[in-house]
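Below, each chain spelled out in residue letters.
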Amino acid sequence: MRIRRFYQNNRTYEICLRAREGLPFVPCKTINHILKSCLAKSIQNKAVKIDEYVWMPNHLHIILYVIDS
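Each residue is numbered by its place in its chain's sequence as written, counting from 1. Two thresholds apply to this predicted model, a pLDDT of at least 70 for residue-level local features and 80 or more for giving and counting side-chain atom pairs, whereas whole-chain, interface and lining totals are computed over all residues. Side-chain metrics rest on all non-hydrogen atoms present in the structure, leaving aside hydrogens and water.

1. Some remarks on unusual backbone geometry
Working step 1: Positive phi outside glycine occurs at Asn10, with the angle close to 55 degrees.
Working step 2: By definition, any uninterrupted DSSP run of H or I lasting at least four residues is a helix, any uninterrupted run of E lasting at least two residues is a strand, and each is numbered from the N terminus. Here Asn10 lies in the segment before strand E1 (11-18).
Working step 3: Relative accessibility decides the category of a residue: with a 1.4 Å probe and only protein chains considered, values under 20% of the type maximum give buried, values over 50% give exposed, and everything between is partly exposed. On the basis of relative accessibility, which here comes to 51%, the residue Asn10 falls in the exposed class.

2. Points about the pattern of salt bridges
Working step 1: Each salt bridge in this description consists of a side-chain nitrogen of Lys or Arg and a carboxyl oxygen of Asp or Glu lying within 4 Å of one another. Going through the model one piece at a time under the given rule, you end up with 1 salt bridge.
Working step 2: Of the charged contacts, one joins Asp51 and Lys49 as a salt bridge, the two residues approaching to 3.5 Å between their closest N and O atoms.
Working step 3: Residue classification places Lys49 among the partly exposed positions, given a relative accessible area of 47%.

Dropping the structure here:
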């Protein structure tokens, strides 16, 4: 069981997500559209602001600013 993380308000965080196996982030238009749609949905409630992101074949880096945790 993973311990739930606590994010403080008005702080910047780097989040790295990786795949357990395989290469799920295939760089094609459909996958890019799905991933960008997920990012857009995550910032819709104005609780976070995504400053930068980088998609790699097997992992993702996001730098985000937490407005209201």
